[in-house]
Amino acid sequence: MKAPLARFVAAATLGLAACAALAADYAGPLFDAHLHYNVEAYDGPHPLDDVLARMKRNGVRAIVANSRPNDGTHKLAASPQTQAAGVTVVPFVRLYRNRDDYNNWFRDPGIYTMVQSELAKGTAAGPFRGIGEFHLYDSANANGPVAKQLMQLAEEKQLAVLAHVDDAAIDLLMANTPSRGQKARVIWAHTGIGGTPVARVDQLMARYPLLMGELSYRPGLTCEDGQLCPEWRTLLLKYPGRFVIGSDTWVVQRWQYYDELMKGYRAWLGGLPPDVAQRIAWGNAAGLFGVSPP
């Protein structure tokens, strides 16, 4: 009788654990640290009331806003609707006036001039707090003249940098800062492109004390059950203060899946210790930008 009883108890325990996991979705506020409000969205199917409603019903209480062109960020920052929705806007200067700038910004002196102009005027929500998101499809372009200028400027003004780059470019960008990466506030979009190995992410986290990983579009982050894959769970527990979440609404279609994206985050955040979940969902980004609890 003992063996069947033991099997019954084990099965019941597993069943209860599974039910608990399903019921344990993270329920606190979310900080969307990688959001775009591009011209195709605000001049198309997603006016301000639409995107703010999506944030509000998903418990998104703060965002890093960066847009092509920067008009989208200014719209979010200036609108009374944003305040009424309870959403705090942390504005970043994006480097793209148009799609052509994606491939040329790092050598175009006009981009540096534009960034300086935006920083000087700020937004209705206050000063710009960062630069980016920018892309480097060839890591060597991290040594382009404008890229060097912007990395130096960001560190001098204590601005964060949201960079969509590979791991080699992280090292190059960091080398172009006055502190050689020791004081650089870089948010690594997607925590690498092309599935940077977890061991390499770990190495860079150890090398650069303020580097943060943003987790949208991250291959291998979650497994079939929607929970963190083991190696990522281990990494997030090792560096609980170094990761943030984001929607990356880079195309109009991405807005249509905003609810699903946020539900996915809540599911795997619920599988982490509550204090770690709160930090990744909200606290890390809020601490970086001095955003008060909602």
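Residues numbered from 1 in each chain as written. Predicted model: local features only at pLDDT ≥ 70, side-chain atom pairs only at ≥ 80, totals over all residues. Heavy atoms only, no water.

Enquirer: Let's hear about the packing of helix α6 (residues 109–121) against helix α7 (residues 145–156): which residues, and what values?
Expert: Packing of α6 against α7 brings their axes to within 9 Å, and their N-to-C directions diverge by 25°. In terms of axis orientation, α6 runs roughly parallel to α7. The element α6 and its partner α7 pack so that their crossing is right-handed. The segment α6 lies against α7, with P109, I111, Y112, V115 and L119 engaging V146, Q149, L150 and L153. Broken down by class, the residue content of the contact of α6 with α7 amounts to eight nonpolar, one polar and no charged. (Axes fitted to C-alpha atoms, helices over the stretch in contact; angles between N-to-C directions. Helix = DSSP H or I, 4+ residues; strand = E, 2+ residues; numbered from the N terminus. Parallel < 35°, antiparallel > 145°, perpendicular 65-115°, else oblique. Left-handed = near helix turned anticlockwise from the far one by under 90°. Contact = heavy atoms within 4.5 Å. Nonpolar A, V, L, I, M, F, W, Y, C, P; charged D, E, K, R; others polar.)

Enquirer: Quick one: what's the story with the environment of I187, residue by residue and with numbers?
Expert: For I187, the position within the fold is in strand β6 (residues 186–188). Along the sequence, I187 and R242 sit 55 residues apart, while their C-alpha atoms lie 9.2 Å from each other. In this structure I187 touches F92, A160, V161, L162, A163, M212, E214, V244, L288 and F289, once residues within four positions along its chain are discounted.

Enquirer: Please give an account of the nonpolar core that cites residues and values.
Expert: Judged by nonpolar contacts, the single largest core of 94 residues is most densely connected at F31, M55, L76, W105 and W268. Here the element with the most residues in this core is helix α13 (residues 274–289); it accounts for eight residues. When neighbours within four sequence positions are excluded, W105 is seen to be in contact with L95, Y96, I111, F134, H135, L136, V146, A147 and L150. (Core = buried A, V, L, I, M, F, W, Y, C linked by side-chain atoms within 4.5 Å. Buried < 20%, exposed > 50% of the residue type's maximum accessible area, 1.4 Å probe, protein only.)

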